Amino acid sequence: GENGTIGPGDRTLVLSLDLVEGTNEFTIEVDSLDTTDSYSITLEKDSIPPLLSLSENIYRESPLTTTRGIFGTCEPGLLVRLTSPIESRDLTCPESGKIEINMSIPSEPGVHTIEAFSMDYAKNTNSTEIYLIKQDWVDWAVEDATGSGPMLFWFSLALLLLISLTVSASTRFSKIRR
């Protein structure tokens, strides 16, 4: 370790201590005229940012809604700030380290961002963001049909109905002409 001498009249001595991440224990020995006094100190080094992640609870119709289910992980006991373009929420991360919250996004179609921020007791920070897509009904229906979702069935049914009505009308019209 490091040695130092406090001269007569000096009140302090600066020691440089190499810290590793986590708990660091040191013993400081002070020699006086006839004894040595020992002092134990414990220092905590924390330079690791707090845990923070976000995800969206996605279901088939979620691109149509303005209220979105957000879940994620965080460091228990720390404050987490969540912000969307239209609202901001502060919550304390529960002991489970898992958060689940509903956040609102604008009703206009487009990509909207939800940001999260957290700071631990050592002032280490972490932030993250997720991008949510808001669609109008027509864009959503076309995308759903393209992906072979239920809208494909409804569009197919509508097309068959339209063809049937056209054929039926053409047949009746041609019978009337004769």
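These remarks concern the structure in this document.

### A closer look at unusual backbone geometry
Inference 1: With phi around 65°, Lys123 is a residue other than glycine that occupies positive phi space.
Inference 2: With respect to the helices, strands and loops of the structure, Lys123 is situated in the loop between strand E8 (110-119) and strand E9 (125-134).
Inference 3: With a relative accessible area of 65%, Lys123 lands in the exposed category.

### Some thoughts on the pattern of salt bridges
Opposite charge on two side chains permits pairing when their charged atoms draw close.
Inference 1: Inspection of the entire model under this criterion finds three salt bridges.
Inference 2: Arg68 is the partner of Glu56 in a salt bridge, and the nearest nitrogen-oxygen pair spans 2.7 Å. Note that Glu56 is positioned in strand E3 (residues 52-56) and Arg68 in strand E4 (residues 67-74), a separation of 12 residues in sequence. The same class applies to Glu56 and to Arg68, which are both buried.

### Focus: the side chain of His112
Inference 1: Within the secondary structure, His112 sits in strand E8.
Inference 2: We classify His112 as buried; its relative accessible area is 11%.
Inference 3: Polar contacts involving the side chain of His112 include one to the main-chain carbonyl oxygen of Glu108, which spans 2.8 Å.
Inference 4: With sequence-adjacent residues up to four places away left out, His112 is seen in contact with Pro85, Ile105, Pro106, Ile130, Tyr131, Leu132 and Lys134.

### Some details on the state of the cysteines
What makes a disulfide is a covalent bond joining the sulfur atoms belonging to two cysteines.
Inference 1: One pass over the full model with this rule turns up one disulfide.
Inference 2: Here Cys74 is linked by a disulfide to Cys93, with a sulfur-sulfur distance of 1.9 Å. Its S-S torsion of approximately 85° makes the covalent link between Cys74 and Cys93 right-handed. Pair noted here: Cys74 is in strand E4 and Cys93 is in the loop between strand E6 (88-92) and strand E7 (98-104), with a separation of 19 residues, a long-range link. An identical accessibility class is assigned to Cys74 and Cys93; each is buried.

### What to know about the pairing of strand E2 (residues 36-45)
Inference 1: Relative to E2, strand E1 (residues 22-31) runs antiparallel, the two being bridged by 10 bridges. Within E2, the position partnered with Glu25 by the bridge is Thr42.
Inference 2: Linkage of E1 to E2, two consecutive antiparallel strands, is achieved through a turn of four residues.

### A closer look at the sheet that holds E4
Inference 1: Pairing in this open sheet of three strands is antiparallel, and the strands run E3-E4-E7 from one edge to the other. Of all the strands in the sheet, just E3 and E7 have a single pairing partner and so form its edges. The sheet shows a mean angle of 30° between the axes of neighbouring strands, direction not considered.
Inference 2: As defined by bridge partners, E4 adjoins E7 across seven bridges and the pair is classed as antiparallel. The residue of E7 that forms the bridge with Ile70 is Ile101.

### Re the nonpolar core
Inference 1: Residues Leu54, Ile70, Val80, Leu82 and Ile114 are the most contacted members of the largest nonpolar core, which totals 16 residues.
Inference 2: Going through the elements one at a time, E3, E4, strand E5 (79-83), E7, E8 and E9 are the ones with two or more residues in this core.
Inference 3: Sorting elements by how many residues they give to this core places E7 first, with three residues.
Inference 4: Once you skip the residues sitting within four places of it in the chain, Leu82 turns out to touch Leu54, Glu87, Ser88, Arg89, Leu91, Ile101, Met103, Glu115 and Ala116.

The rules behind the values
- Residues numbered from 1 in each chain as written.
- Predicted model: local features only at pLDDT ≥ 70, side-chain atom pairs only at ≥ 80, totals over all residues.
- Heavy atoms only, no water.
- Helix = DSSP H or I, 4+ residues; strand = E, 2+ residues; numbered from the N terminus.
- Buried < 20%, exposed > 50% of the residue type's maximum accessible area, 1.4 Å probe, protein only.
- Salt bridge = Lys/Arg side-chain N within 4 Å of Asp/Glu carboxyl O.
- Polar contact = N/O pair within 3.5 Å; in protein donor to acceptor, adjacent residues only side chain to side chain.
- Contact = heavy atoms within 4.5 Å.
- Disulfide = S-S within 2.5 Å.
- Pairing = 2+ DSSP bridges.
- Axes fitted to C-alpha atoms, helices over the stretch in contact; angles between N-to-C directions.
- Core = buried A, V, L, I, M, F, W, Y, C linked by side-chain atoms within 4.5 Å.

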